[in-house]
Amino acid sequence: MKSVMPTFIPDNRFLFFVSVLVMTIVHPMILGFDSMMVGSILNLPSYRTFFNLTNVIMGLNTASIWIGAILACITTTQIVSDRFGRKNAIFLSIFIIIAGVVLQSAAQNVGMFVVGRILLGFGTSVGNVASVILVSELVPVRRRGFLMGLSFSCFLVGSLFASGITYATRNLAGNWSWRVPSIIQGAPEIIVFLNLVFIPESPRWLIRHERLDEATELVALIENITLQDAHIECNELVIKLEYEAALVAGSNPWSELLTKRKNARRVWIFMTQAFLTEMAGSSVGSYYLSILLEQAGFKNYSDRLRVNIAMSSWALAIAIFGCLCFDKLGRKKQAVISLTGMVVSFIILGNLIRRYGDGHSRGGTYSTVAFMFIFTGFYAFTYTPLTSLYPAELCPFILRSTGVVAFNLMNSSWGLIAGFILPIAMNSIGWKFYIINACYDAIFIPIIIFLWVETKGITLDDVDELFSESLLKGQDSDVRSDRSIKGIFTETT
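The sections below set out a description of the structure shown in this document. No experiment lies behind these values; they were computed from the predicted model shown. (Residues numbered from 1 in each chain as written. Predicted model: local features only at pLDDT ≥ 70, side-chain atom pairs only at ≥ 80, totals over all residues. Heavy atoms only, no water.)

Here we take up the overall build of the protein. On a plain count of helices and strands, the protein comes out with 23 helices and 0 strands. Looking at the protein alone, contacts between residues at least 24 apart form 84% of all its contacts between residues at least 6 apart. For the protein, the accessible surface area stands at approximately 18,800 Å², while carbon and sulfur atoms represent 67% of it. (Helix = DSSP H or I, 4+ residues; strand = E, 2+ residues; numbered from the N terminus. Contact = heavy atoms within 4.5 Å. Areas by Shrake-Rupley, 256 points an atom, 1.4 Å probe, with all protein chains shown as cover.)

Structure below.
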C-alpha cells in the first residue's frame, strides 16, 4: 500500500517523536524568553533612559503582549486551529511573531515598542494554542503528562537564554544592550518553522476532515501497531467524533462550552487555573524580579542580572522534575502541594523584606532572595508545566480548541492585569504585597481539592466521562482516574 502521509514525515517512530519533542521544547521558548528579557532589561540604564520609564510606562511596555494575546483569543485563534488545522495555525503564528520582533527591536518610541509587543502576543497566542493541542493529539496517554508538561516548562529554557543574553549584552554601546536580546527573541521561531516540515497534522483533525487513510497511517506509527488495527481504532474514533459533533450540532462551540451544565465545571477550572498561573506570584519571579531584588537590598544591576540567570536555571530544573511527577502524583495532588508551599514562602518572604529590605544585613538580603527561589520552585513544580497540560486534557475533541482558547483568554486577561498592577502594588505597599498575595493564594487550596478533576491515566477521548451528570454528584475523581477506557492513544502492553 502506497503511503499517503506527506513526504517528509518520518516513518521511524524514534525520529517521529524526536520531531514532536523538538516542537514541544522550542515553540514555548519565545514567551519564556520574553518574560525574562523584559524583566532583565528593566535593570538596564539605557532602557530606562530611552523610554523614560515610569510605573505606568513600565506596566504598558510589559503588559502589551497580553493585549495581543487577548485580541487573538477573541478573533482568530480557535477558528484558524479548527478550520485550517493545527499546523497551519502554527505557520501563521510564526510570521506574526517575527513581525512583532522586528517592530519591538527597532522601536523608536513607546508606541512602536507597544505595537510590536501586541503583535508578539497575538502570534504567540495563536501558536501556543495550536501547538499545545497538536502535541496532546500526537502523544500516547502514558507520556502525555511528561511531554505536555515539558512544553510549557520550556518557557523556562527561553527565560534562561534571555537571562544569559541580556547579561552578556548589558554593556553594549547605546541602546544595543536591550535591542540585541529583542532581536534574538525571534530565533526559536526559525527552528519551529524548519521542524514543522517533519510534523504531521493531528489524526483527529484529519479524521474530522475526511482524511481517514492518512490518519490511519499516523495512528499505526504512533502506537506501533499494524495498519489493520489502526484502521479499526480510527473507525471507532470516527463514531466517537460524529457523536460529539451531533451533540453540538446547530450550536456554536463557544455557546456549547459556556451554557451547557456539564461544561460549567470546565469553565470554572479554567478560571481558577488561569488566575493562579498569572496572579499567584509568578510575575514577581520573572517580569518584576528586578523590583523584588531592589526591595531585598540588591542595588547593583549586574548583581540583579546574575540572580535572574540563577533563577531561570533553578525554575527550569524544578519544572522538568514536576513533569516527571504528573503521571505518578496526579494533577490535583501536585497542585495542592505547590500552592501550599507558595503560600508559606510568600508569608516568610514578606516578613524578610520588611525586616531586611534596607540592605543593612547581607545575611538578611540573601535569606530574602532564597525564599523567592523557594517560592519559584514550588510554582515551577506544578503551575509552569500545568499551563500546557491541563486545559488541553479537559475538553473533548469538538471543544478542545475552544477550551484551550478560553483558558488562554482568561490567562492573558489576568496576565494583562498583573502586568499593570503588580509594579504599582510592589512599589506602593512594599512587603505587605507578599502577605496579601499569600492570603488570596490560600483561598484556592480548597477550590483545587473540591473543584478540579484528576485526569491522570485518562485518554483524551474518555475524559468527557469525568464531567457527565452522574460523575458530578460527588464521586471521587482520583478513583475514576484509574479506570481508563481504551482510547486511540493508549499504549500497547
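Taking 1.5 Å per residue, 14 residues should reach 20 Å; helix H9 (residues 155-168) reaches 20 Å between its end C-alpha atoms and fits that length. For H9, the buried fraction is high: 10 of the 14 residues fall into the buried class. Buried residues of H9: Phe155, Leu156, Val157, Gly158, Ser159, Ala162, Ser163, Ile165, Thr166 and Tyr167, and no others. (Expected span 1.5 Å × (residues − 1). Buried < 20%, exposed > 50% of the residue type's maximum accessible area, 1.4 Å probe, protein only.)

Within the secondary structure, Ile269 sits in helix H16 (residues 261-279). Residue class for Ile269 comes out buried when judged on its relative accessible area of 0%. Along the backbone, Ile269 and Leu451 are 182 residues apart, and their C-alpha atoms lie at a distance of 7.0 Å. If we ignore the near neighbours within four places in the chain, the residues touching Ile269 are Tyr390, Leu394, Leu451, Trp452, Val453 and Phe467.

So, on to the packing of helix H6 (residues 86-105) against helix H7 (residues 110-136). Where H6 meets H7, the axes come as close as 7 Å, and the angle between the chain directions of the two elements is 160°. Between H6 and H7, the interaxial angle falls into the category roughly antiparallel. For H6 against H7, the interelement crossing comes out left-handed. (Axes fitted to C-alpha atoms, helices over the stretch in contact; angles between N-to-C directions. Parallel < 35°, antiparallel > 145°, perpendicular 65-115°, else oblique. Left-handed = near helix turned anticlockwise from the far one by under 90°.)

In this section: the packing of helix H19 (residues 331-356) against helix H20 (residues 362-394). The contact between H19 and H20 brings their axes to 8 Å, and the two run at 155°. Relative to H20, the element H19 is oriented roughly antiparallel. In this structure, the crossing between H19 and H20 has a hand that is left-handed. Per-class residue counts for the contact of H19 with H20 are 21 nonpolar, 9 polar and 2 charged. (Nonpolar A, V, L, I, M, F, W, Y, C, P; charged D, E, K, R; others polar.)

Attention shifts here to the pattern of salt bridges. Going through the model one piece at a time under the given rule, you end up with 7 salt bridges. As a salt-bridge pair, Asp327 and Arg331 come within 3.0 Å of each other at their nearest N and O atoms. For Asp327, a relative accessible area of 27% translates into the label partly exposed. Here the residues in one salt-bridge network are Asp82, Arg86, Glu137 and Arg400, joined through shared partners. (Salt bridge = Lys/Arg side-chain N within 4 Å of Asp/Glu carboxyl O.)

A few words now on a nonpolar patch on the surface. A cluster of nonpolar side chains, Phe95, Ile98, Val102, Ile190, Phe193 and Leu194, forms an exposed patch at the surface whose accessible area comes to about 570 Å². Contributing elements (two or more residues each) for the nonpolar patch: H6 and helix H11 (187-196). Here Ile190 shows up in helix H11. (Patch = residues over 30% accessible without salt bridge, like charges linked within 9 Å, V, L, I, M, F, W, Y side chains within 5 Å.)

Let's shift gears to the nonpolar core. In this structure, Tyr383 and Trp452 are the most contacted members of the largest nonpolar core, which totals 126 residues. If one sorts the elements of this core by residue count, H20 sits on top with 13 residues. With 18 residues, the next largest nonpolar core counts Met37, Val38, Phe51 and Ala107 among its residues. (Core = buried A, V, L, I, M, F, W, Y, C linked by side-chain atoms within 4.5 Å.)

This part covers empty space enclosed by the protein. All chains considered together, the criterion is met by 4 cavities of 30 Å³ or more. Counted as a void, the second largest cavity has a volume near 230 Å³. If you trace the second largest cavity, you find 22 residues lining it, with Leu31, Asn128, Phe152, Asn408 and Asn411 closest to the centre. Breaking the lining of the second largest cavity down by element, the ones donating at least two residues are helix H4 (55-75), H7, helix H8 (141-153), H20 and helix H21 (397-429). Here the lining of the second largest cavity takes 7 residues from H7, the largest share from any one element. (1 Å grid on protein atoms, 1.4 Å probe; cavity = no way out; pocket = protein on both sides within 12 Å on 5 of 7 lines; lining within 4 Å. Points joined across faces, edges and corners; volume = space filled by probe spheres on them.)

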